[in-house]
Amino acid sequence: MTKISPTISHYVKQVSGRIKQSEYPLTNMDTSKLEGIQYGIPLFEGVKMSDVAFVTKRLETLNLFRGCKWGCKHCLKDALAPKKGRESILFEDLKRFVYGFKELNERLGFDVLNGNKYLNIIDDSNPIDMPIRGLRGFHSVADAMKLIYDKLKIPTLFVTSGWAERGTSEYKYSTDAVKKIVNMVKKNPDSVEEVQVSINPFLETRNYQYRMAQTLMTFLDLFKIDKARIIFRHAEDGNAGYDREAAQELYEEIYNDLKKLTDSKLEDFPQLKPEVVTEFDKSHLIEPSGRGRRFFPFERNMKLQKELIQDSLDWGTMNVEEQREVLLNNSLKCIDIDGTVYTTKPSNAEFVASPIELTIPTDIKLNYVNKEKPNPIFSDIEV
């Protein structure tokens, strides 16, 4: 066990229990008096405690994968196909992350991640397409989710647009991983925040309706215990083939296939009925972000661009300290598969249903084994 310096130990003892148990406790403490407590933990080599504290406040995404092969026409993240060999986090880096924070918690005597309700495991990927690579083989995404919960007691958020068809090389991996996720959640519902199934008319692939019906059937046990839900998306009216009417028709076909797969045994799942899923809600509308801009008129996109440019100009008027304060309190923190820390914050631009986010990099980098950069993270404008 690493010996903590008497000065740091004395300061930690003086901090009240109320602060130690508060949300994002490190941000309520004087991190200069904690500097050194992270020494010897591989994850934090070269990382200051003030930067560790920054990462722990509203930590939203721990990327386990990067890039997406499906090419949805509306993708708000403008997701590119994964770079070969850089599709996932290195499993050893996931272990380094998990055990790094676990050891820091043990040294301090409290949970530095307290206040973070869950961890999203992707930014621009479908996490069921491939396994996680490791130095000595491959690992299931289900194993990664279990590791995060077992060691840090933080549930993960799982979002999928389904998986490949039977007969493909990915099919067996995907279905096996999903079965493990379902069994894990059934045994311990707290281990996963939610499983979200994305259904929309923008993904054009063979047998899409049947594929999504299979996906819903696989997760029926989680729908039954309110641990799964559908994310239903469409463009505004006027976008023929992609608007609410097209999305409604698509889901009705998916539901009919689901009834066939289950012999119509869906009475216990009223939340899956077409009239429930497709009932209009503002949150169903996509934003003019990324590839989604193609579904908005030129004038609307130009107005958005001017607003984003103004955001960038306003950001440039702040000094470094002001920028960091804004990001600390008003951004979500995300970690890329090479350990790079970036943030997302709402822009001031007009939006349809939810704010358009700006991606803002930081100079913080956790000490991962893998140093190779994946695809750049998308932002509608550089700031």
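The preceding data block contains the structure.
It should be emphasised that the depicted structure is a prediction, and the values quoted were computed from it without experimental measurement. (Residues numbered from 1 in each chain as written. Predicted model: local features only at pLDDT ≥ 70, side-chain atom pairs only at ≥ 80, totals over all residues. Heavy atoms only, no water.)

*Asks:* Is there a simple way to think about the nonpolar core in this case?
*Replies:* As a rule of thumb, soluble globular proteins bury nonpolar side chains together. Within the largest apolar cluster, 115 residues are counted, with the highest numbers of intra-cluster contacts made by Phe97 and Val141. The element best represented in this core is helix α6 (residues 169-187), accounting for eight residues. Excluding its chain neighbours within four sequence positions, the residues that come into contact with Phe97 are Leu43, Leu59, Leu62, Leu152, Ile335, Leu366 and Tyr368. (Core = buried A, V, L, I, M, F, W, Y, C linked by side-chain atoms within 4.5 Å. Buried < 20%, exposed > 50% of the residue type's maximum accessible area, 1.4 Å probe, protein only. Helix = DSSP H or I, 4+ residues; strand = E, 2+ residues; numbered from the N terminus. Contact = heavy atoms within 4.5 Å.)

*Asks:* I'm lost on a negative patch on the surface in this one. Help?
*Replies:* Taken together, the side chains of Glu236, Asp237, Glu245, Glu249, Glu252, Glu253 and Glu275 define an acidic patch exposed on the protein surface. Of the residues forming the negative patch, the biggest block, four residues, is contributed by helix α9 (residues 244-261). Here Glu249 shows up in helix α9. (Patch = residues over 30% accessible without salt bridge, like charges linked within 9 Å, V, L, I, M, F, W, Y side chains within 5 Å. Areas by Shrake-Rupley, 256 points an atom, 1.4 Å probe, with all protein chains shown as cover. Salt bridge = Lys/Arg side-chain N within 4 Å of Asp/Glu carboxyl O. Lys, Arg positive; Asp, Glu negative; His and termini not counted. Charge placed at Lys NZ, Arg CZ, Asp CG, Glu CD.)

*Asks:* Is there a simple way to explain the environment of Phe378 in this structure?
*Replies:* In this fold, Phe378 is placed in the segment after β10 (357-365). Along the backbone, Phe378 and Glu165 are 213 residues apart, and their C-alpha atoms lie at a distance of 29 Å. The residues contacting Phe378, other than those within four sequence positions of it, are Leu76, Lys77, Asp78, Ser289, Gly290 and Thr359.

*Asks:* Just to check I follow, could you spell out the environment of Ile148 for this structure?
*Replies:* Looking at where Ile148 falls in the secondary structure, it is placed in helix α5 (residues 141-152). For the pair Ile148 and Asp338, spaced 190 residues apart in the sequence, the C-alpha separation amounts to 18 Å.

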